[in-house]
Amino acid sequence: MSLPPGLAPPAKRAKKEEIQCPYLDTINRHLLDFDFEKVCSQSLSTQNVYSCLVCGKFFQGRGPKTHAYTHATLCGHHMFAHLDTCKIYCLPDNYEVVDSSLDDVIRCLRPSFTPERIAQLDQVATLARDVHGVAYLPGFCGLNNLKKADYINVVVHQLAHVRPLRDFFLDPRNYKDPTPLVREFGALLRKIWSRDNFKSVVSPHELVQEVTRASKLRFKIGTSADAADFLGWLLNQLHRDLGGTKRPGSSIIHDVFQGSIRVETLSRKTHLTKRDEADVDATATSAESAGWKRDEKDLNFLYLTLDVPPTPLFKDTQGGNIVPQIPLFDVLTKYNGVRLTDTVRAGVQSRRRYVITKLPKFLVFHFARFSKNNFTAEKNPTIVHIPVKDLELKDQFALEGVAAQEATKYDLLANACHDLPAGLDKDGRKEPLQHGTYRVHVKQQSSDQWYEIQDLHVSETMPQLIGLSESLLTIYQRRDA
């Protein structure tokens, strides 16, 4: 009976006492790269795809008249690995090869972690080596920049060092029947923390492809975006894909990042526009003032947005713009329960006061640096000095309810920043997002060593330099988390 194209007959199992495959020494580990999208290089099919372990190319099927079978007969490449089942076959003889010398190929194709190994990740700081002899530190390997997709890389690196989130995704048993986004995100985290990679760098190709599809081209290769927008979208999408609901703690995302805030709003109609926000009436501070309506809501948040003060309008004596440097505590006053934040939208003037009612285990700050007007997009280069250790929030925030009873001291875990080229037009005539680059600072827990990662480049850095960068996203870890 003939089989349909692409379907192979049952393979014979190559037992050591019966069959010794003579082609094991033809495997070329230097050419193997399992980070690419798992599609056939000939038919572009995603079904039943094998990797040639001799040349590294992907082909469909292993039965007669399939691309893998044809490649084996024409090129004399006999060793193939199924990219889903991780089983290795010899073609065209079509028998499964079982040999302990292939264990490193299987571990590279599908990294796995035991609970004991996951628990020891932050305590181990020994280097691993790839097949080229290049040393790398698991968890701190570079990510390939797929044409202006570095904003995805820095967010992935930050989330890969949030311990509860990392431990959850390193074990696939924690999420049954995952969506493609959850599956690819977990696979990428396992590759980042694997000690069995054949390369010292990882390509996030499959995750970026799935992000492009799931976001409906909102985030795609070739177009840069705000890392904060991507972080908000990714956390909410992962929460929904993991079966999360509006109930607090319904997913690992909300359990780690979700806090609560009470927003008190005073609003009234006005003739002012958004450009006149600096000229709003500062005398009305209560609902009793004429024309003001009072509203109060309890909301949940995954990150807090901090308003960065604008740069000076005039140039300094040397002819250049002054870049202010301010401490983090100056921008935290937005949430002290006293300061009022003014906004004007669609003819409605609003004044808001924020009170924190619950602090999350991992607190994310977003520094709002990018803004758009009728003519162009601009970036605020003001430097905010962020403390690396001992950030005490009980003196900075107005805390009520659960937040007033829990620990309020935080340590910096990861910091993502955005840099503009030195020669870029400072007058804002060029899009800062499309011409800038991202980099991230992450901390090795056991040695307290900070690393700076920008695309494929990984280097040690001093914690004193982190506060001098144009931070965009910072993640703080609570002491008791």
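Structure first, text after, so check above.
Every value quoted in this text rests on a predicted model; they were computed, and no experiment measured them.

Draft legend 1. Local environment of the layout of surface pockets. Of the voids in this model, the second largest pocket is the one considered here, and its volume is about 830 Å³. Taken together, 27 residues form the lining of the second largest pocket, with Lys-38, Asp-84, Arg-183, Glu-184 and Ala-187 sitting closest to its centre. Elements represented by at least two residues in the lining of the second largest pocket include exactly helix 6 (180-192) and helix 7 (205-214). Sort the elements by how many residues they give to the lining of the second largest pocket and helix 6 lands first, with six residues.

Draft legend 2. Molecular detail of empty space enclosed by the protein. Within this structure, the stated rule accounts for six cavities of 30 Å³ or more. Taken as a whole, the largest cavity holds about 100 Å³ of empty space. A breakdown of the residues in the lining of the largest cavity according to their chemical character gives six nonpolar, one polar and four charged. Put simply, the second largest cavity is a space of about 70 Å³. Forming the walls of the second largest cavity are Asp-122, Phe-140, His-161, Arg-163, Arg-166, Trp-193, Leu-413, Lys-443, Gln-444, Gln-445 and Gln-477. Of all the secondary-structure elements, those providing two or more residues to the lining of the second largest cavity are helix 5 (163-170) and strand 23 (437-444).

Draft legend 3. A look at the pairing of strand 2 (residues 49-52). Side chains of strand 2 alternate between two faces, with Val-49 and Ser-51 and Tyr-50 and Cys-52 buried alike. Bridge count between strand 2 and strand 3 (residues 58-60): three bridges; the pairing is antiparallel. Note that in strand 3 the partner of Tyr-50 across the bridge is Phe-59. Examined bridge by bridge, strand 2 and strand 4 (residues 79-82) share three bridges and lie antiparallel to one another. Paired with Ser-51 across the strands is Ala-81, a residue of strand 4.

Draft legend 4. Summary view of the sheet that holds strand 12 (residues 293-301). Pairing within the open sheet is antiparallel, and its four strands lie in the order 12-11-16-15. Looking at the sheet topology across the chains shown, the edges are occupied by strand 12 and strand 15 (341-345). Averaged over all neighbouring strand pairs, the angle between strand axes comes to 30°, with direction disregarded. In terms of strand pairing, strand 15 meets strand 16 (residues 348-358) through five bridges, oriented antiparallel. For Asp-342, the partnering residue across the bridge sits in strand 16 and is Arg-351.

Draft legend 5. Here's a closer look at helix 1 (residues 67-75). Here helix 1 has its buried residues at Ala-68, His-71 and Ala-72. End-on, the buried residues of helix 1 take up no more than an arc of 100°, which puts them together on one face. Those residues of helix 1 hidden inside the fold are in contact with strand 2, strand 3 and strand 4.

Draft legend 6. The arrangement of the side chain of Thr-382 in detail. Note on placement: Thr-382 falls in the loop between strand 19 (377-379) and strand 20 (383-385). Relative accessible area serves as the criterion here: at 0%, Thr-382 is assigned to the buried category. Residue contacts for Thr-382: discarding those within four places in its chain leaves Val-308, Pro-309, Pro-310, Thr-311, Val-323, Pro-324, Ile-326 and Arg-369.

Definitions and limits used
- All residue numbers refer to position in the chain's written sequence, counted from 1.
- With the structure being a predicted model, the display of local features is reserved for residues of pLDDT at least 70 and the display and counting of side-chain atom pairs for 80 or more, all residues being used for whole-chain, interface and lining totals.
- Excluding hydrogens and water, the side-chain figures rest on all heavy atoms present in the structure.
- Definitions used for this entry: grid spacing 1 Å over protein atoms alone; cavity, a set of points where a 1.4 Å probe fits but cannot get out; pocket, an open set with protein on both sides within 12 Å along at least 5 of 7 lines; lining residue, one with an atom within 4 Å of a point.
- Grid points are joined across faces, edges and corners, and a volume is the space filled by probe spheres set on the points.
- Only DSSP runs of H or I reaching four residues or more are called helices, and only runs of E reaching two or more are called strands; each is numbered from the N terminus.
- Under the grouping applied here, Gly and all other residues not named as nonpolar or charged are polar, the nonpolar ones being Ala, Val, Leu, Ile, Met, Phe, Trp, Tyr, Cys and Pro and the charged ones Asp, Glu, Lys and Arg.
- Think of it in three bands: with a 1.4 Å probe and only protein chains considered, a residue is buried below 20% of the maximum accessible area for its type, exposed above 50%, and partly exposed in between.
- Two strands make a pair as long as DSSP finds a minimum of two bridges between them.
- Axes, fitted as lines to C-alpha atoms, cover a helix only where it is in contact. Angles between the N-to-C directions of the axes lie from 0 to 180 degrees.
- Along the arc lie the directions from the helix axis toward the C-beta atoms.
- The contact criterion used is simple: two residues touch if any of their non-hydrogen atoms lie within 4.5 Å.

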